[in-house]
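If you want the building blocks of each chain, they are given just below.
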Number of protein chains: 2
Amino acid sequence: MSQMLTQVLEEIDRTLEASLARLETFLRIPSISTRPEHKADCRRAADHLVSDLTSIGFNARTENTPGHPMVVAHMSADQPENAAHVLFYGHYDVQPTDPEDLWRHPPFEPVIENQDGRKVIVARGASDDKGQVMTFIEACRAWKKLTGKLPVSVSFLIEGEEESGGENLLPFMKAHRDELRADIALICDTGMPDRTTPAITTSLRGLLAEEVTVSCAQHDLHSGMFGNAARNPAEILGRIIGSLRDEAGRVVLDGFYNGVVTPSPEIRAQWKSVFPDDKAILQPLGLSDAAGERDFSAIEQIWARPSFEVNGITSGYTGEGFKTVIPAKATAKISFRLVPGQDPQKIRETFRAYVKSMLPPDAKVQFTSHGASSGSQLAQAGQFLEKTRTALQDEWGKPALMIGCGGSIPVAGEVKEALDMDALLVGFAQDDDRIHSPNEQYGLEQFHRGMRSWVRILASFAA
Amino acid sequence: MSQMLTQVLEEIDRTLEASLARLETFLRIPSISTRPEHKADCRRAADHLVSDLTSIGFNARTENTPGHPMVVAHMSADQPENAAHVLFYGHYDVQPTDPEDLWRHPPFEPVIENQDGRKVIVARGASDDKGQVMTFIEACRAWKKLTGKLPVSVSFLIEGEEESGGENLLPFMKAHRDELRADIALICDTGMPDRTTPAITTSLRGLLAEEVTVSCAQHDLHSGMFGNAARNPAEILGRIIGSLRDEAGRVVLDGFYNGVVTPSPEIRAQWKSVFPDDKAILQPLGLSDAAGERDFSAIEQIWARPSFEVNGITSGYTGEGFKTVIPAKATAKISFRLVPGQDPQKIRETFRAYVKSMLPPDAKVQFTSHGASSGSQLAQAGQFLEKTRTALQDEWGKPALMIGCGGSIPVAGEVKEALDMDALLVGFAQDDDRIHSPNEQYGLEQFHRGMRSWVRILASFAA
């Protein structure tokens, strides 16, 4: 195997240009799942994956859902019964691109940039998740091309609603349980603590997303005619948002921290070794002082503590110039990142009750849920985990860290629930990839060694 | 005179349909002064007035300014030396129309509606200020048509930047001081306390308008990757807005209430006679409880107390669906209505200092001024005031009230400053005219008796 492995790794190096070209083709499809006007583009992205996987030799197809289509594909190892079977999960949908004017190039026209000697590809989805999905697809392509087969049986499940809180994944996996079950799920939607330290993500934050609309008068009012006497929903919403954290940076909702477990001293020490202070995290953002809870470092807050965020707010006149209006309503998109142990439903109820308790007379509130998922603690042992750690260490030349992830990857928990499988989260994204922001990027080194890492991991599973 | 007066009043009644048709033509011009794309429409509105006034017999023209054009017109009474000379002020520009989807009809296609037997004309500008301007123009038309002359000398100054904090009015009046000076200025941009009680507005609120932008990180961030550790400008802005009022509804800025004079018991009693409680003001808005300062009734807060308002706020993702982003910046349009005695510059400084004092590390703030004008106390005596009160009482059959106005009509103070003239504020708008809001309207009764009121006032000035 080891000689074959070397040849496949060489094939990866030799065909890097072609792999990059295929990634660019994928990135040109504006598959923004949350925007109805891009429905057809999501379909195009799914069809594109099916034809690409078919060209490798996979038995691939799309499956319709009430939302965007799923991509399902399979290829068996030579003796399936003896070989391990992995299910790879990723998503082909991407975030919206606004504010458009902050992009250096059109978001769906990928450009290779040279940043102080480091090459990156800039486009929406470059890192999250198209670039990462392609690292695995290209690994399979190289194995198949060079050896005519895959070292293990591989199935794909690639969805198109990860960025839009899609409710269709769980029911879909349950409905296709027999087809999708494997020995282990591989999810490539996470990152590395820095450019050279490989990592396996073993804890994830969940997400509780709420839209809150406060309304008062029946219509917008002239602030000269009614200013002072008429309730102002924007002021009320400001008061609510501004009061959700105490002076120590803790969320004031009753029982918000119930069930939250502080990481062990060992883990905190391990993390501190990579992040001696907050600088590495904050400086690239133009920040110097960690917000949030006083008693935790920036990395601890991101990997192991729940958060409260205002993701958007709008009310009244926001155009050019000035309009002396008292808005009839004010809307905020508010979310909480949740860690293992917190109960999303309880926190939603507490949050809604808190908002209602802050309303003065004449103020009404309307809530819209944009999804709720709990944080998850992933398997921290097992042969696949050990083999993956070794394979990553072989590729990157240093031990793989067990880290947390501030983002929510509901599929990890859903794979467990629907398919009763453990999931291994291995990804190569960097904190400065600007995912969800203008000028999202993915390092070519990450892309290249990501492919090589998967080549090694697949080999290790066959051993 | 009195017989002639009767005939002119009958002419007004007889030609109501034609007057209404002319108002509709005026309303069809979308002269939104704050929107650059409507610059040509503002010009059209000015030209339209010039040709209409010319058709009456006025010597009318437009005058260019750095912003939108001014309309200037003159017509002398038979013996100018013996006759009184009035300068009429109004504005042809209107507010933006958003949110468009709340309009029952397109905002610039006037429609006459029957509301429980009361007829109103619905369109942007119907009340503020095109409808009110036309009441005076039509009064002049009727006098000229029936008697071949005007009872007094009349000059017009109609501007196009009243809704966009236009800085050009004051310098223009100063530059044309000799041409524009008259015995008294008549301003028709105010309202009546109810449908049947005429009023002269003798105190006005000023306006301090500020745009505040708080920014933190260099670009939008993924809330999963940085949520908690990175400052959130929307949360900070909410905290600032939510803390500007204390529990008693008072603005907390140092010295905000310095110089504010509480109306005399006589005036408060007079107002209470028309507004025994807050119902008449709040109920039409769908409200039941007066916001703002506890110790003052709704009408006192609007006519005689300073206010704090959030006129608009925007940050992060406000589109359909949900985007888990930490915004890089958050912007609010904030204004304070000021009463006579308050110093706009001092309050601006105090406000900006307060905002800065609320900023945590890494948060920066940028301020944009959208104008500042102080409240004004208008002449409460003089022959013109007395004659106007009598004329209004003759038309409406009950005494005219001396009231305040919650809106800011900077021209009143500027006429005094630039032309050293007193101003009489007489208007016929109603609180439920929805000015600055969707479905702005003007009662046909207000329009009709407004014209008749001016016919009488002009007659009384000649006596």
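Numbering of residues starts from 1 in every chain and runs along the sequence as written. For naming, the first written chain is A and the first written ligand is 1, with later ones following in the order written. Reporting of local features is limited, given that this is a predicted model, to residues whose pLDDT is at least 70; pairs of side-chain atoms are given and counted only at 80 or more, and all residues count toward the totals for whole chains, interfaces and linings. Computation of side-chain values: all heavy atoms of the structure, hydrogens and water removed.

Participant: I tried to follow the overall build of chain A on my own but got confused; where do I start?
Facilitator: Along chain A, the regular secondary structure elements total 15 helices and 18 strands. Projected onto the principal axes, the alpha-carbon positions of chain A cover approximately 80 × 50 × 50 Å. For chain A, buried positions account for 62% of its 463 residues. For this analysis, residues touch if any pair of their heavy atoms sits within 4.5 Å. A sequence separation of at least 24 residues applies to 79% of the contacts in chain A between residues at least 6 apart. We count Lys and Arg on the positive side and Asp and Glu on the negative side, and we leave His and both chain ends out. The atoms used to mark charge sites are NZ of Lys, CZ of Arg, CG of Asp and CD of Glu. Both charge centroids of chain A, one from 48 positive and one from 63 negative side chains, sit 0 Å from each other. Helix numbering and strand numbering both begin at the N terminus, where a helix is a DSSP run of H or I of at least 4 residues and a strand a DSSP run of E of at least 2. Accessible area is worked out with a 1.4 Å probe on protein chains only. A residue is then buried under 20% of its type maximum, exposed over 50%, and partly exposed in between.

Participant: Whenever I open this one, the domain arrangement of chain A confuses me. Can you help?
Facilitator: It is common to give the size of an interface as the accessible area lost on bringing the parts into contact. All names here are of chain A. Source of the domain bounds: an automatic or database domain assignment. Split by domain assignment, chain A resolves into domain 1 (2-204 + 375-462) and domain 2 (206-260 + 306-373). Between domain 1 and domain 2, the C-alpha centre-to-centre distance is 36 Å. Across the boundary between the two partners, domain 1 contributes 9 residues, which contact 8 residues of domain 2. Using a 1.4 Å probe, buried area is obtained as the accessible area two parts lose upon being combined, added over both of them. Carbon and sulfur atoms make up 52% of the area that domain 1 and domain 2 hide from each other, which totals about 560 Å².

Participant: Is there a simple way to explain the UniProt feature "domain: Peptidase M20 dimerisation" (unreviewed entry) in chain A in this structure?
Facilitator: Residues given the UniProt feature "domain: Peptidase M20 dimerisation" (unreviewed entry) here are residues 203-362 of chain A. The distance from the first to the last C-alpha atom of residues 203-362 of chain A is 44 Å, and the span holds 31% helix and 22% strand. UniProt positions are given in the numbering used here, feature names are shortened, and annotations may be inferred rather than shown by experiment.

Participant: Can you walk me through the interface of chain B and chain A in this structure?
Facilitator: With 91 residues of chain B at the contact, the number on the chain A side is 91 residues. Together, the buried faces of chain B and chain A total about 8,000 Å²; carbon and sulfur atoms form 51% of this surface. Its largest share of buried area at the contact with chain A, chain B owes to N228, F322 and K323 of chain B, together 11% of the area lost on that side. Within this document, salt bridges are pairs made up of a side-chain nitrogen of Lys or Arg and a carboxyl oxygen of Asp or Glu, the two lying within 4 Å of each other. The salt bridge partner of E235 of chain A is R245 of chain B, with a shortest N-O separation of 2.9 Å. Of all the elements, strand β11 (residues 307-316) of chain B adds the most residues to the side of chain B that touches chain A, at 10 residues. In the sheet, strand β11 (residues 307-316) of chain A pairs with β11 of chain B via 5 bridges, with the strands oriented antiparallel. Residue pairing across strands places S315 of chain A opposite I313 of chain B, the latter belonging to β11 of chain B. A pair of strands counts as paired when DSSP detects no fewer than two bridges linking them.

Participant: Teacher, can you tell me more about empty space enclosed by the protein here?
Facilitator: Gaps between atoms show up when a probe of the same size as a water molecule is rolled over them. Throughout, the protein atoms alone are placed on a 1 Å grid, and a set of points is a cavity if a 1.4 Å probe fits but cannot get out or a pocket if it is open with protein on both sides within 12 Å along at least five of seven lines; lining residues have an atom within 4 Å of a point. Grid points are joined across faces, edges and corners, and a volume is the space filled by probe spheres set on the points. Per the stated rule, a full pass over the model turns up 1 cavity of 30 Å³ or more. If you add up the space inside the largest cavity, you get close to 50 Å³. Taken together, H219, D220, L221, H222, M225 and F226 of chain A together with L285, D431, D432, R434, I435 and S437 of chain B form the lining of the largest cavity. Of all the elements in the fold, those that place two or more residues in the lining of the largest cavity are β10 (221-222) and α7 (223-226) of chain A.

Participant: Mind showing me how you'd approach the relation of the copies chain B and chain A here?
Facilitator: Each copy of the chain is related to the other by a rotation around an axis and a translation along that axis. For the pair chain B and chain A, the best superposition has an RMSD of 0.1 Å and corresponds to a rotation of 179 degrees with a translation of 0.0 Å parallel to the axis. The operation mapping one copy onto its partner corresponds to a two-fold rotation axis. Residue G238 of chain B, judged by its C-alpha, is the member of chain B lying nearest the rotation axis, at 1.9 Å. Copy-to-copy alignment: least squares on C-alpha atoms, limited to residues at pLDDT 70 or above in both.

Participant: Just to check I follow, could you spell out the pairing of strand β4 (residues 111-115) of chain A for this structure?
Facilitator: Residues and elements named next belong to chain A. Summarising the sheet, β4 and strand β5 (residues 118-122) pair through 5 bridges and their orientation is antiparallel. Bridging across to β5, N114 finds its partner in K119. The turn joining β4 and β5, which pair antiparallel and follow one another in sequence, is formed by 2 residues; a positive phi near 50 degrees is taken by D116.

Participant: Explain the sheet that holds strand β18 (residues 441-443) of chain B here, please?
Facilitator: The strands that make up a sheet pair up through hydrogen bonds in the backbone, lying either parallel or antiparallel. All names here are of chain B. What the 3 strands build is an open sheet, ordered β4-β5-β18; its pairing is antiparallel. This sheet does not close on itself; its edge strands, each paired only once, are β4 (111-115) and β18. Ignoring strand direction, the axes of neighbouring strands in this sheet form an average angle of 35 degrees. Between N-to-C directions, angles span 0 to 180 degrees; the directions come from axes that are lines fitted to C-alpha atoms, helices contributing only their stretch in contact.

Participant: Any chance you could explain the environment of P96 of chain A here in plain terms?
Facilitator: Here P96 of chain A lies in the loop between β3 (85-91) and β4. A residue is classified by how much of its surface remains accessible, and P96 of chain A, at 1% relative accessible area, is buried. Put simply, P96 of chain A and P107 of chain A are 11 residues apart on the chain and 9.7 Å apart in space, counted from C-alpha to C-alpha. With residues up to four places along the chain from it excluded, the contact list for P96 of chain A reads I32, T34, R35 and R124 of chain A together with Y317 and K323 of chain B.

Participant: Is there a simple way to explain the packing of helix α1 (residues 2-14) of chain B against helix α4 (residues 130-147) of chain B in this structure?
Facilitator: Each pair of packed helices can be summarised by the angle the axes make with each other and by the distance between the axes. Residues and elements named next belong to chain B. Contact geometry for α1 and α4: axes closest at 9 Å, N-to-C directions at 120 degrees. On the basis of the axis angle, α1 is oblique to α4. For the pair α1 and α4, the sense of crossing is right-handed. Contacts from M4, L5, Q7, V8, E11, I12 and R14 of α1 reach α4 at E138, A139, A142, W143, K145, L146 and T147. Here the contact of α1 with α4 is composed, by residue class, of 8 nonpolar, 2 polar and 4 charged. Angle categories are assigned with fixed cut-offs, so that under 35 degrees is roughly parallel, over 145 is roughly antiparallel, 65 to 115 is roughly perpendicular, and the rest are oblique. By convention the crossing between two helices is left-handed if the near helix lies anticlockwise of the far one by an angle smaller than a right angle, and right-handed if it lies clockwise. Classification convention: Asp, Glu, Lys, Arg as charged; Ala, Val, Leu, Ile, Met, Phe, Trp, Tyr, Cys, Pro as nonpolar; all other residues, Gly among them, as polar.

Participant: Please clarify how the sheet that holds strand β13 (residues 329-338) of chain A should be interpreted in this entry.
Facilitator: If you trace the 8 strands from one edge of the open sheet to the other, you get β14(A)-β9(A)-β13(A)-β11(A)-β11(B)-β13(B)-β9(B)-β14(B), paired in antiparallel fashion. Both edges of this open sheet fall to β14 (364-373) of chain A together with β14 (364-373) of chain B, since each of them pairs with a single strand only. Direction aside, neighbouring strands of the sheet carry axes that sit 20 degrees apart on average.

Participant: What exactly am I supposed to notice about the pairing of strand β5 (residues 118-122) of chain B here?
Facilitator: Within a regular strand, side chains alternate between the sheet's two faces. All names here are of chain B. Within β5, 4 of the 5 residues are buried, which leaves it mostly tucked inside the rest of the structure. Here 3 bridges tie β5 to β18, and the two strands are oriented antiparallel to one another. Residue V122 lies in a different strand from β18, and its bridge partner there is Q441.

Participant: Which parts of the structure should I look at to understand unusual backbone geometry?
Facilitator: Glycine aside, a negative phi is what most residues show, and trans is what most peptide bonds show. All names here are of chain B. Of note, the amide linkage connecting D98 to P99 takes the cis form, showing an omega dihedral of 0 degrees. Topologically, P99 is positioned in the loop between β3 (85-91) and β4. A cis amide bond links D128 with the next residue in sequence, D129, at an omega value of 5 degrees. Relative to the helices and strands, D129 resides in the loop between β5 and α4. One non-glycine residue, D362, adopts positive backbone phi at about 75 degrees.

Participant: Can you help me understand the environment of A391 of chain A in this one?
Facilitator: Residues and elements named next belong to chain A. Position of A391 relative to the elements: it lies in helix α13 (residues 383-396). Classification of A391 by relative accessible area gives buried; the value is 4%. Once the C-alpha coordinates of A391 and S460 are considered, the two residues, 69 residues apart in sequence, prove to be 6.7 Å apart. Non-local contacts of A391, meaning those with residues more than four positions away in its chain, are made with R456, I457 and S460.

Participant: Help me understand the state of the cysteines, please; the structure alone is not making it clear to me.
Facilitator: Cysteine pairs can be linked by a disulfide, which is a covalent bond between their two sulfur atoms. Here, the term disulfide refers to a pair of cysteine sulfur atoms separated by no more than 2.5 Å. Inspection of every chain in the model, using the stated rule, returns 0 disulfides over all chains. In this model C140 of chain A remains outside any disulfide bridge; the closest cysteine sulfur is found in C188 of chain A, 12 Å from its own.

Participant: So what exactly am I meant to see when it comes to the pattern of salt bridges here?
Facilitator: Should the charged atoms of two oppositely charged side chains come close, the side chains can pair. Residue and element names in this part refer to chain A. Inspection of every chain in the model, using the stated rule, returns 63 salt bridges over all chains. For D41, the salt bridge is made with R44, and the minimal N-O distance between the two is 2.9 Å. In this pair, D41 and R44 are both assigned in helix α3 (residues 39-56), 3 residues apart and thus about one turn of the helix distant. Of the residues examined, R44 reaches a relative accessible area of 43% and is grouped as partly exposed. When the shortest N-O distance is used, the salt bridge between D432 and R195 registers 2.7 Å.

Participant: Honestly, the packing of aromatic side chains in this entry has me stumped. Any pointers?
Facilitator: Here the distance between the centres and the angle between the planes together describe a pair of aromatic rings. Pairing of aromatic rings covers Phe, Tyr and Trp, the last through its six-membered ring, and needs centres within 6.5 Å; plane angles under 30 degrees mean stacked, over 60 mean edge-to-face, and all others mean tilted. Applying the stated criterion to the full structure yields 33 aromatic pairs over all chains. Both rings, one in F351 of chain A and one in F367 of chain A, keep their centres 6.3 Å apart while their planes meet at 70 degrees; by these two values the pair is edge-to-face. Note that F351 of chain A is positioned in helix α12 (residues 344-357) and F367 of chain A in strand β14, a separation of 16 residues in sequence. Between the aromatic rings of F136 of chain B and F156 of chain B, the centroid separation amounts to 5.6 Å while the plane-to-plane angle is 75 degrees, which identifies the pairing as edge-to-face. One end of the pair, F136 of chain B, is in helix α4; the other, F156 of chain B, is in strand β6 (residues 153-159), with 20 residues separating them in the sequence. A relative accessible area of 0% means that F136 of chain B is categorised as buried. Under the relative-accessibility criterion, F156 of chain B is labelled buried at 0%. Every member of this aromatic cluster is reached through a ring pair, and the members are F58, F88, F136, F156, W396, F428 and W454 of chain A. Two limits define a charge over a ring: the Lys NZ or Arg CZ must be within 6 Å of the ring centre, and within 35 degrees of the ring normal. Just above the ring of Y257 of chain A sits the side chain of R250 of chain A; from NZ or CZ to the centre is 4.1 Å.

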